[in-house]
Protein chains: 2
Amino acid sequence: MNKELFKELEDLDKKISMINDITQVLEYDLEVNAPKKASQERSKQLAWASLEAHKIASSDEMKSLLERLGASEGNEEGFGESDYEKALIRERFKELQKALKIPESHIEKKQEILTTSYEKWVEAREKNDFALFAPYLENVIECLREEANYLKKPNQSLYDVLLNEYEPGITSEQLDSIFEQLETSLVPLVAKYKDKDVKTDFLYQDFDIKKQENFSKQILREMGFDFDRGTLAIAVHPFTISLGGDDFRITTRYTDPNLCDPLCSTIHEGGHALYEMNSAINEIKGTSLGEGASMGLHESQSRFWENVILKNPSFWDNRYEDLQSKFPSQLNNVSKTDFVKAINKVNPSYIRVNADEATYNLHIILRYKLEKQLIEGTLKVEDLPEAWNSLFEKYFSIKVDCESNGCLQDVHWASGLIGYFPTYALGNLYSAQILDKIQQDFGNREIGDIIKSDGLGEISKWLAVNVHSKGRIYSPTVVLKQITNKDLDGNYFTQYLEKKLEVIFD
Amino acid sequence: MNKELFKELEDLDKKISMINDITQVLEYDLEVNAPKKASQERSKQLAWASLEAHKIASSDEMKSLLERLGASEGNEEGFGESDYEKALIRERFKELQKALKIPESHIEKKQEILTTSYEKWVEAREKNDFALFAPYLENVIECLREEANYLKKPNQSLYDVLLNEYEPGITSEQLDSIFEQLETSLVPLVAKYKDKDVKTDFLYQDFDIKKQENFSKQILREMGFDFDRGTLAIAVHPFTISLGGDDFRITTRYTDPNLCDPLCSTIHEGGHALYEMNSAINEIKGTSLGEGASMGLHESQSRFWENVILKNPSFWDNRYEDLQSKFPSQLNNVSKTDFVKAINKVNPSYIRVNADEATYNLHIILRYKLEKQLIEGTLKVEDLPEAWNSLFEKYFSIKVDCESNGCLQDVHWASGLIGYFPTYALGNLYSAQILDKIQQDFGNREIGDIIKSDGLGEISKWLAVNVHSKGRIYSPTVVLKQITNKDLDGNYFTQYLEKKLEVIFD
C-alpha cells in the first residue's frame, strides 16, 4: 500500500474529526452554559460546521484517495495492511458511500419530518393522545424505510440496515434468538423478586449537592477518570461528550428525588467517558477510530460501572461508611445491607429510564419487537398502543394505564432513532460476558472480591487494554470475540443476574 | 447601488461573523470550562475556524463583490447609500485590504515572535529581570513597525497605524494635546487627595461568594442585562465575549481579597456586555457591524457603569442597606459615607490594574508616551526601565521598587498590543463627555439624582439609543460628535472627577 496516500487519507480524516469536535463544543456549550435565546443562532453554527465536515467526507479528493487506496464495495478495507489502516479505509469508505447513496433531497426531507414529528410527539405525550402523533410516526417510518432502501446490501432486511447504523455486524436474526431466550429467563425472574419487601424511603431525602458531587468525583477518580482531561458538570439530561482527544465532559443532574439516581447517572456517564478517554491513544487518537466501537459496546461500559460495580454489595464495604459520614442524619440508621437492597430493588414500572437491572431488558425487547414490525410493515402504526400494552402486560403483569406511560414515553422513534433500542440491551449482555472474562483473568475470583482486593483502578486498566484501546478498529462482535473468545451469548447476563439477586435478596 | 450585490456582500459578512462566533464559543469554553490538557487541540480548532473566516474575508468572491460595489482606496464606502451600507462596504474593504497588504509570511513570523515574547515576558516578570525580556521586546517592536509599514497611508505615522487598529480616527497628535492637558490637571489632583485618611480594612474580609454574585446579578438586571440573552460565570481573568447576537457572556472572579474588586469587575464587564447586547439589533444584528465601534468606546461603557454609576454616592443610597443586610457581621459597623470613601480612595500605586479613577489615566499616559517613542525609535528598549521609572516618579512622587512593579507589569507589549493602552484612557474621557450629555438630556440634573429618581434602567435605555444601537456603523469620533455635538474634550473628565472627589472627600 502507498503509505503517502494513506497519510493523506489520515490527514483528511483527522480534519473531519477536528471539525466534529468543534460541533461537540458547540453542542456542549448549548446544553450546559448557553442562555435561553442562544439556540437559534447556535443551530446555524452547528449546521455550518457539520456541513464543512460532510463536504470533506464526501469530497472528490476523498473519493479519489479511497479509489487509489483500493476501497470498493465488497473490499471496504482496500489495500490496508495493518488493522488500523484497514479500519480507517473502511470507515471512510462507509461514510463516503452513505453520502453518495443518500440524495441531498432525502436528508432535507428527513430533517423536516423529524422536526415536526418531535414537536408532535411532545404535544401528544403532554395530551396523552397517541392518535395525534400517529400520522407523523408513519412519516418517520416511511422515511427511514426509504433511507434503508438506499443503503441496503443484497439480502439485507430494512431493519438490519437501520440496526447496523448503531451496532455494526449484528443482525435481527441473532437478536431474535438471543432476546427470546432472555425473555424466557427474565419474566419469571422479575416475578420472583418483584414482591420482596425492600425499603427505599431513606433514599428520598434532602442530600447536599456539593457532597454528592464530591462523593461521585472520588469514585470517578478511583475509576481512572483523569480530571486533567475531563470535567463533571450539571445538565438537564445527563450525557457524555468528547470535545477532542484530551477533553471529555460528563454531565449529571441532581434534580431526581432519589439519592441513587444522580450517583448512578454520574458513574454511568463516567463509564462512557472512560471508554472515550482510553480509546484516544496511539495512532488512533484524533482520528475517527479514536472512539467507541458501537453504541452497544459503549453502553456495556457505562452499565458495567453503574450496575456491575456500583451496585455490587462489596463495592460498598468500605464506601458506605464514607457515604454515611457525609450524610449522617439521613443514613446513620440505615444498614449497609438495607442500602444495597434498596439500590438493587426489582420493581416493574411503566417507564424504561427508571427501570432496574432485571426489568430493563424486557423494556427493550418489547420496543425491539414492535419497531421491527413497524419497519417490516407487519404492524400498523394505529395498532401500536394495543400491541405495546399487550406485550407489557405479558412481561410485567401490569396493565398500562395511559399512553404517556406506554408507547409515547420515549423520544427515540419521534427522533428517527429506530434500530437504536437494542443497543441498550446489548450493552447489558456484552458487559456480563466481559465480566466473566475479567473474573477469569483476575484468577477466577468473584468481581466483589476483585473490587475489594484489587480496586477499581485495576479493573479500569483491564478494560482500557482489552476494550477501550481498540477504539473503532473492530466491529463490536469482533471485539467481543477477541476478548472472550466466544460469540455473543445472552446466558452470561441471566446467570450473572440470577446469582446477584440471590445473594442480595435470598 | 445594486441591491442584490449588496445582499451578497451582507450574506458573506454574516457568514464570517457566524464563524467568528464559533471561535468565540471555542475561546469561552477554553477559558471557563475546559480541562487543563484540552488547550493544545483547542488551538488547532481555533486556528482552523479563524482561517475559514479569513479565507472568505480575503476570497476572490469578496474582492470582486467589493469592486463591483465601487469600493476603492480613497472611496472605502463605495456605492453605499445608507449609512449601514456605506459602513458594511467600508469594514469589509478594510479587512480585505489588510489581508492583501500583509503577506502570509509576516503573519506566521509574527505568531512565532509573539509566542516567544510572551513566554519570555512571563519568565522575566517572575525573575524581575527586564534584560531577559528586552531582546524579545525589540523583535515585537520591529515586527509591528514592519506591519505598520504595510498598512500605512501617505503621511501617516507608524504609531498612528497601530493606534487606528484599536481606535479608528484618533491620531497621536490629538492624544498628545489631550493627554498633556490631562496630565497637568491630574498630577496635582492626585497629590491633593492621596493623603486623605480613608479606611478600607473592612473591605478585606471574608464575603460569601453566592451572596456577592446575587448582589451583582441584581444590579446587572437593573442595568438591563437580559439573562435570557446572556450569562454570568467565573473565570481566572474577568472578560466579556459575544458568542452570537443573542448570546453574551460575562465572567468575573471572586479571588481578589477586596469586596469591591469582584463587584467592580462584574459591573465593568456588564457595561461591555450591554454595549454588545444592544448593538445586536435591526439590520446590523449578525453582521460585523453589530458590535462596539472601538476599544475606546467599549471601555467608555464599562467604565461608565463601574466608575460613574457604581462609585457614585447616590447609587448606594438605597443599596448600601441591602449590601449590609447580606453581610451584617462585616458591614453593620461601617457607615455608608465610609463605604463610599473606601471605594473611591485615591491611592497611587505601582500597578495599573489596581489603580483608582484619579490615578488610572496617568498610568496610561505614561505607557502611551513610552510606546510611541519605542515605535518611533526615539527610545531604545534598553532604556525603557529608566524612562518608565522617571515618568512614574514625576506623576506619583514614588520611586519604582522593581521592574515587575514597573515596565514588566503588563502583558500588552509582550502580546504585540501597542497602540492599545490609549483606548483605556479614551474610555474614561468618552464616558465623562457622554455623562455631561446624559445630565443635560435628563433635565440638567446631576447623575446622582438621575440614578435615584429615574433608575439604572432609564440610563441604560439612553445609552442603548444614543450609543449602542449604532454598532460599528460610525467611527468612535463620529459617534461622540453625533451624541454630544462636540469633538473629544478631556476637560469633561477632569471637571467630573474634581467635583466628585470634592463631594466625597472635602
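Preceding this paragraph is the structure being described.
Note on numbering: residues in each chain are counted from 1, in written sequence order. Throughout, the order in which chains and ligands are written sets their labels, letters from A for the former and numbers from 1 for the latter. The model is predicted, so local features are restricted to residues of pLDDT at least 70 and side-chain atom pairs to those at 80 or more, both for listing and for counting; the totals for chains, interfaces and linings are taken over all residues.

### Examining the sheet that holds strand β2 (residues 240-244) of chain B
What links the strands of a sheet is backbone hydrogen bonding, and the strands pair in either a parallel or an antiparallel sense.
All names here are of chain B.
Then step 1. Strand pairing is assigned whenever DSSP detects at least two bridges linking the two strands. Think of it this way: any DSSP run of H or I at least four residues long counts as a helix, any run of E at least two long counts as a strand, and we number them from the N terminus. Ordered in space as β1-β3-β2, the three strands form an open sheet in which the pairing is mixed. Of all strands in the sheet, those with a lone pairing partner are β1 (230-234) and β2, marking the two edges. Sheet twist, expressed as the average angle between the axes of neighbouring strands with direction ignored, equals 25 degrees.
Then step 2. Where β1 lies against strand β3 (residues 247-252), five bridges are found, and the strand directions are parallel. Looking at β3, one finds that I234 is bridged to T252.
Then step 3. Residues are scored as being in contact if the C-beta atoms we place from backbone atoms lie within 7 Å. Note on method: axes are straight lines fitted to C-alpha atoms, helices fitted across the in-contact stretch only, with angles between N-to-C directions ranging 0 to 180 degrees. Relative to the sheet, helix α1 (residues 3-32) contacts β1, β2 and β3, its axis offset from that of β2 by approximately 135 degrees.

### A few points about the relation of the copies chain B and chain A
Then step 1. The transformation that overlays chain B on chain A combines an axial shift of 0.1 Å with a rotation of 180 degrees, and the residual RMSD is 0.0 Å. When the rotation and shift are considered jointly, the pair of chain copies conforms to a two-fold rotation axis.
Then step 2. Comparing interface residues between copies, 100% of those in chain B also sit at the interface in chain A, which points to an isologous, same-surface contact. Overlaid copies result from least-squares superposition on C-alpha atoms, with residues included only where pLDDT is at least 70 in both.

### Notes on helix α14 (residues 336-343) of chain B
All names here are of chain B.
Then step 1. Put plainly, a residue is buried at 20 or more neighbouring C-beta atoms within 10 Å of its own, exposed at 12 or fewer, and partly exposed in between, counting only other residues' C-beta atoms, which are placed from the backbone. Inspection of α14 places F339, V340 and I343 among the buried residues, and these make up the whole buried set. Around the axis of α14, the buried residues are gathered within 95 degrees of arc, so they sit on the same side.
Then step 2. Check the buried side of α14 and you find it contacts α10 (260-279), α12 (320-326) and α21 (491-505). Taken from the helix axis, the directions to the C-beta atoms give the arc we talk about.

### Observations regarding the sheet that holds strand β1 (residues 230-234) of chain A
Residue and element names in this part refer to chain A.
Then step 1. The three strands lie next to each other as β1-β3-β2, forming an open sheet whose pairing is mixed. Each having just a single partner strand, β1 and β2 (240-244) make up the two edges of the open sheet. Each adjacent strand pair in this sheet contributes to an overall mean axis angle of 25 degrees, direction not counted.
Then step 2. In terms of strand pairing, β2 meets strand β3 (residues 247-252) through four bridges, oriented antiparallel. Across the sheet, S242 pairs through a bridge with F248, a residue of β3.
Then step 3. Packing of helix α10 (residues 260-279) onto the sheet brings it into contact with β1, β2 and β3, and relative to β3 it is tilted by some 165 degrees.

### Here's the deal with the pairing of β3(B)
For a regular strand, side-chain orientation follows a simple rule: the groups alternate between the two sheet faces.
All names here are of chain B.
Then step 1. The buried fraction of β3 is high, at six of six residues.
Then step 2. Going residue by residue along β3, you find D247, R249 and T251 tucked away on one face and F248, I250 and T252 tucked away on the opposite face as well.
Then step 3. The antiparallel hairpin formed by β2 and β3 contains two residues in its connecting segment.

### Topic: the packing of helix α15 (residues 357-376) of chain A against helix α16 (residues 384-396) of chain A
Residues and elements named next belong to chain A.
Then step 1. Relative orientation of the contacting elements α15 and α16 amounts to 150 degrees, with a least axis distance of 10 Å. In the packing of α15 onto α16, the handedness of the crossing is right-handed. Together, L362, L366, K369 and L370 of α15 and L384, A387, W388, L391, F392 and Y395 of α16 make up the contact between the two elements.
Then step 2. Class assignment of the residues belonging to the contact of α15 with α16 gives a composition of nine nonpolar, no polar and one charged. By definition, turning the near helix anticlockwise from the far helix through less than a right angle yields a left-handed crossing, and turning it clockwise yields a right-handed one. Under the convention adopted here, Pro, Cys and the residues Ala, Val, Leu, Ile, Met, Phe, Trp and Tyr are nonpolar, Asp, Glu, Lys and Arg are charged, and Gly plus all remaining residues are polar.

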